[in-house]
Amino acid sequence: MPSPRSADHSAAQPPQPPRDTVDALISQTRRLRGGVDAVRRDTTADMDRADDPQLRWQRALCDLAVHQLDDLGRHLDQLRDGLPADPAEAEAPPEHGEGSDTTEPPPPPGSAYAAPAREAGPEGRGSLLSRVGSAEWNLLTDAVTWSDELCQIFGRTPEDGGLTLDELPSWVFSEDQPTLTALVTDCLVDGKPIDGEFRIVRADGVVRTVHMSGEPVLDDDGSTASMWAVLRDVSELRRSERAVRETRDSLQRQRQIARAERRVAVELQESVLPVWRGSPRAPRARAARGGAARAAALDHRALDLAAHYFPASASTQIGGDWYDALELPDGRTLLSVGDLTGHGVAATSGVAMLLGAVRGMAVAGVEPGALLGRLNQLLDASSAQPALGSAVCGRYDPTTRTLVWAQAAHPAPLLFRDGTGRALQPPDGVLLGATPGASYAQAGERLEPGDLLVLRTGGLWPFSADTDGDGDAGAERLLGLAPRFAAAHSAQECLRAVVEAFDDERREDDACVLIARIGP
């Protein structure tokens, strides 16, 4: 086959393809380039998320796509226009140092890119000719012919000339020398085409990754007369591909960490919330002093309980919402719901701490208002992991059917009776952990057989659905379920109505509902 040395000279221009076809391809490439630019602008618009692994991966993919489309565009331009009559007309590459990537941190030791030399930056990014060159090694005359562009890739001047096949390995990374040797040997001895990559270190210390393709040139008797090759500087392309791999690996690690944290958070949440969460069961009333008659009265007035946890729709993280119902030693029942700021393991571990404190103080006989005051002190004292919280804490006495309760900046319980519902008038109370030394007032409510109490956290209804911004749309929707509650025969049936009404909502946060039905 003829030698391709003429590819670097204007004397032998190959036949040109139909110009209209190439122009159409160029137009399509430019449109794609514009579309990728728009996507890249979108990924860089949110500067607050600059450290998001997924965002970094998306940017790296966009950069890689831009590099490849730029290369495609330059190839098509060259295909349409052909080479200039004088190589000097080609755009000259920037001087050494201009556009060089000298600020990039060195690759980790032991990696494929680890080396004491500097890595090449995007030199010649605007010129196809400055990134592609050709060479021919004549085995009969030992002549070496390099194009000016190949000399530029190697950091040599045309006066320096090209490197012989014996000199070339000394410019190649030691790890890549076997690759080059195999490529040249297979070509010269076995007549195989050349197709491979290796890294070179220029005299100025800049590292480049070069892709080499070519084949042997045979004489009339079929012997190898010379070897020609086209060498392309792919340093920038490989660097972009490496950035995509690194950001993808970082994103995968972040996802693995997030899955592990979620698993721990779920297990911790399930370990602290009441065991009857999935299949609710009312606490059994115990016989207090006073004999069997009093025990029968307690059983007669027992609470029917049901509860449900609603996960957030927009996030996979577990939040700090909680509920609890606990039979106390004196026969009364603790009812509580709350919400601790944060997500993940930190929030669920905080919930575990709070629930332990609530149960311990309730068993010790601490009144709801004083209990919230001590929770406030507990959160305020946890300086190592500061958090805020809201809560409702109530104590139901079945002998008097009285609920004594207090609240800390939390939605008030809803009371349903005879087919209608209303929110209880809340006593004074501020956010837990916000005001040191805050006190919490108590309120009392006399209940009747068949009454229904609904305690819930604030994330039950999405904030965007509250059109007036001041009301409690979640409470309004719950109050609208009053007829269904009146027709229900158990707390579980009432809970089913709540789940049907709210489970399809796009909640921004998780939520809990606790339902207590007063026995007849």
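Quick caveat, the model's predicted, so the values are computed rather than measured.

## As for the overall build of the protein
Alright, step 1. A count of helical and extended segments in the protein gives eleven helices and 16 strands.
Alright, step 2. A sequence separation of at least 24 residues applies to 66% of the contacts in the protein between residues at least 6 apart.
Alright, step 3. Counting only carbon and sulfur atoms, one obtains 52% of the accessible surface of the protein, whose full area is about 25800 Å².

## Section: the sheet that holds strand 16 (residues 511-518)
Alright, step 1. With antiparallel pairing, the five strands of this open sheet are ordered in space as 7-16-15-12-13. Where the open sheet ends on each side, the last strands, each with one partner, are strand 7 (303-310) and strand 13 (420-423). Taking each pair of neighbouring strands and ignoring which way they run, the sheet shows an average axis angle of 20°.
Alright, step 2. Sheet topology places strand 15 (residues 452-456) next to strand 16; five bridges connect them, and they run antiparallel. Residue pairing in the sheet places L455 in a bridge with L514 of strand 16.
Alright, step 3. Its contacts with the sheet place helix 11 (residues 491-502) against strand 7, strand 15 and strand 16, and it is angled at close to 20° to strand 7.

## Overview of the packing of aromatic side chains
Alright, step 1. On inspection of all chains with the given rule, the structure shows four aromatic pairs.
Alright, step 2. Arranged with centres 6.5 Å apart and planes meeting at 90°, the rings of W137 and W146 form a pair that is edge-to-face.
Alright, step 3. Given a relative accessible area of 3%, W137 falls into the buried group.
Alright, step 4. Centroid distance F154 to W171: 6.0 Å. Interplanar angle 50°. Geometry classified as tilted. Highlighted residues: F154 in the loop between helix 3 (148-153) and helix 4 (177-190) and W171 in the loop between helix 3 and helix 4, separated in sequence by 17 residues.
Alright, step 5. Through a chain of ring-to-ring contacts, three or more aromatic side chains come together here, namely W137, W146, F154 and W171.
Alright, step 6. Above the ring of F502, the side-chain terminus of R477 is found at 5.3 Å from the ring centroid.

## Let's talk about the sheet that holds strand 9 (residues 333-343)
Alright, step 1. With antiparallel pairing, the five strands of this open sheet are ordered in space as 8-9-10-11-14. Each edge of the open sheet carries a strand with a single partner, namely strand 8 (319-327) and strand 14 (443-446). Averaged over neighbouring strand pairs, the angle between their axes works out to 15° when direction is ignored.
Alright, step 2. For strand 9 and strand 10 (residues 389-397), the ladder comprises eight bridges, and the chain directions are antiparallel. The residue of strand 10 that forms the bridge with L335 is G394.

## Considerations on helix 4
Residues three or four positions apart in an α-helix share a direction because the helix packs 3.6 residues into each turn.
Alright, step 1. The terminal C-alpha atoms of helix 4 lie 19 Å apart, and with 14 residues this matches the ideal 20 Å at 1.5 Å per residue to within 8%.
Alright, step 2. Among the residues making up helix 4, those that are buried are L180, L183, V184 and C187. The arc that holds the buried residues of helix 4, viewed along the axis, is 90°, so those residues lie on one side. Seen from the buried face of helix 4, the exposed residues on the opposite side, beyond 90 degrees, are P178 and V189.

## Section: the confidence of the model for the protein
A low pLDDT means the predicted coordinates there should not be read in detail.
Alright, step 1. Of all residues in the protein, 72% have pLDDT values of 70 or greater, and the mean over the chain is 77.
Alright, step 2. Low pLDDT (under 50) marks residues 1-14, which in the prediction has 20 contacts with non-local residues, meaning those over four places away or in another chain.
Alright, step 3. Residue range residues 277-301 is modelled with pLDDT below 50. Its contacts to residues more than four positions away, or to other chains, number 37 contacts.

Parameters and conventions
Residues numbered from 1 in each chain as written. Predicted model: local features only at pLDDT ≥ 70, side-chain atom pairs only at ≥ 80, totals over all residues. Heavy atoms only, no water. Helix = DSSP H or I, 4+ residues; strand = E, 2+ residues; numbered from the N terminus. Contact = heavy atoms within 4.5 Å. Areas by Shrake-Rupley, 256 points an atom, 1.4 Å probe, with all protein chains shown as cover. Pairing = 2+ DSSP bridges. Axes fitted to C-alpha atoms, helices over the stretch in contact; angles between N-to-C directions. Phe/Tyr/Trp six-rings, centres within 6.5 Å; stacked < 30°, edge-to-face > 60°. Buried < 20%, exposed > 50% of the residue type's maximum accessible area, 1.4 Å probe, protein only. Lys NZ or Arg CZ within 6 Å of the ring centre and 35° of its normal. Expected span 1.5 Å × (residues − 1). Arc of directions from axis to C-beta. pLDDT = per-residue confidence, 0-100.

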